[in-house]
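Each chain is listed here by its residues.
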Amino acid sequence: MTNLLRWSLLLSAMLLSWSIAAANLETYQFEDPAKEALFRELIAELRCPKCQNQSIADSDAPLAKDLRDRTYAMVQAGASKREVIDYMVTRYGDFAHYQPPVQTSTLVLWVLPSAVVVIGAMVIVISVRRRRTQVDDEQLTAEEQARLDALRKQD
């Protein structure tokens, strides 16, 4: 009986969570599939200023909903991708776009990841070379060499 109760509770919890998720979904109606594709692309590319690391498509914040609504209105009015992005960047700064332009202020965003990878690779190469030279520099004493030779002869 307890297994039946557990499964019933689990099923009820899953159904409840799915119904809540379905109720939270926003539906935007498009007559033109191209506009819908543009809208989906834009909301995936634009970052929620409040959530910091989520697109406005993924965020549940009220600000993200406002931005989705604004993007929807602009796309429905015939705005291009560049116009929508420019509007959001003008209002919220370069942070609002996941692909900020290469400028003096955003140079760190473009250079830092590559620099970290290059420096990491250099550290690994240097540490491996140092270890090799340390191993090569370690010479066996006469006693150790004799013992090694004896072990080799036994095999």
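Data block above holds the structure.
The sections below set out a description of the structure shown in this document. Note that the coordinates shown come from a computational prediction; the quantities given were computed from them, not determined experimentally.

### Examining the nonpolar core
Of all hydrophobic cores here, the largest spans 19 residues; its most connected members are Leu 42, Leu 46, Ile 56, Val 75 and Val 84. Secondary-structure elements contributing two or more residues to this core are helix 2 (33–45), helix 3 (62–76) and helix 4 (81–92). Beyond its immediate chain neighbours, meaning those up to four positions away, Leu 42 contacts Thr 71, Val 75, Lys 81, Val 84 and Ile 85.

### Observations regarding the packing of helix 3 against helix 4
In contact at an axis separation of 10 Å, helix 3 and helix 4 are set at 145° when each is read in the N-to-C sense. Considering how the two elements wind past one another, helix 3 and helix 4 form a crossing that is right-handed. Between helix 3 and helix 4, the contacting residues are Leu 63, Leu 67, Arg 70, Thr 71, Met 74 and Val 75 on the first element and Glu 83, Val 84, Tyr 87, Met 88 and Tyr 92 on the second. Looking at the contact of helix 3 with helix 4 residue by residue, the class counts come to eight nonpolar, one polar and two charged.

### A few points about the packing of aromatic side chains
Following the criterion strictly, the structure yields five aromatic pairs and no others. Here Phe 30 and Phe 39 contribute two aromatic rings whose centre-to-centre distance is 5.3 Å and whose plane-to-plane angle is 45°, an arrangement assigned as tilted. We note that Phe 30, like Phe 39, is buried. Ring centres of Phe 39 and Tyr 72 lie 6.0 Å apart, and the angle between their planes is 85°; on these two criteria the pair is classed as edge-to-face. In this pair, Phe 39 is assigned in helix 2 and Tyr 72 in helix 3, connecting sequence segments 33 residues apart. By way of ring pairs, the aromatic residues Tyr 28, Phe 30, Phe 39 and Tyr 72 are connected into one cluster.

Basis of the calculations
Residues numbered from 1 in each chain as written. Predicted model: local features only at pLDDT ≥ 70, side-chain atom pairs only at ≥ 80, totals over all residues. Heavy atoms only, no water. Core = buried A, V, L, I, M, F, W, Y, C linked by side-chain atoms within 4.5 Å. Buried < 20%, exposed > 50% of the residue type's maximum accessible area, 1.4 Å probe, protein only. Helix = DSSP H or I, 4+ residues; strand = E, 2+ residues; numbered from the N terminus. Contact = heavy atoms within 4.5 Å. Axes fitted to C-alpha atoms, helices over the stretch in contact; angles between N-to-C directions. Left-handed = near helix turned anticlockwise from the far one by under 90°. Nonpolar A, V, L, I, M, F, W, Y, C, P; charged D, E, K, R; others polar. Phe/Tyr/Trp six-rings, centres within 6.5 Å; stacked < 30°, edge-to-face > 60°.

Keep in mind that these numbers describe shape and distance, not what the molecule does.
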